[in-house]
Amino acid sequence: MERQIIKTDGTTVNYSPKAGAYYELEELNQIVGGCIQIISLHDGRIMVINDDGKLLELPYNWEATAIAQEQGAIFGNDFIVGDVLICMEEDIL
């Protein structure tokens, strides 16, 4: 599966780990702009988001929210903010 960054402006960028086979914590922090939180999607992928994104009032991410809702990872009025990374769990070191 492709590893992608979904930006708040709706653009999607394929993105491979800088260190080779795995994303390291520092790189994940840079992608989401702070501390990370991992959300499991029901198709085997994970979504890496900014753990403090709502407190920091990061911009709403429509595409990531739609994916998380479709995958049953968030419910009701919950939503995703900030840039996110979607990858496989085994992609993270």
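Scroll up for the structure.
Novice: Tell me about the nonpolar core, residues and numbers included.
Specialist: I6, I39, L41, M47, I49, A64, I67, A68, I74, I80, V84 and I86 form the largest nonpolar core, which has 12 residues in total. Taken together, the elements giving at least two residues each to this core come down to β4 (45–50), α2 (62–70) and β5 (84–88). Setting aside chain neighbours within four positions, we find I39 in contact with R45, I46, M47, I49, A73 and I80. I5, I31, V32 and C87 belong to the second largest nonpolar core, which has 10 residues in total.

Novice: A description of helix α1 (residues 25–32) should follow, citing residues and the corresponding values.
Specialist: Listing the buried residues of α1 in full gives E27, L28, I31 and V32. Buried residues in α1, looked at end-on, bunch into an arc of 125 degrees, giving them a common side. Across α1 from its buried face, at more than 90 degrees, point the exposed residues L25, E26 and Q30. Turning to α1, the residues buried within the fold contact β1 (4–6), β3 (36–40), β4 and β5. Directly after α1, the chain includes G33, whose backbone phi takes a positive value near 80 degrees.

Procedures and definitions
- Residues numbered from 1 in each chain as written.
- Predicted model: local features only at pLDDT ≥ 70, side-chain atom pairs only at ≥ 80, totals over all residues.
- Heavy atoms only, no water.
- Core = buried A, V, L, I, M, F, W, Y, C linked by side-chain atoms within 4.5 Å.
- Buried < 20%, exposed > 50% of the residue type's maximum accessible area, 1.4 Å probe, protein only.
- Helix = DSSP H or I, 4+ residues; strand = E, 2+ residues; numbered from the N terminus.
- Contact = heavy atoms within 4.5 Å.
- Arc of directions from axis to C-beta.

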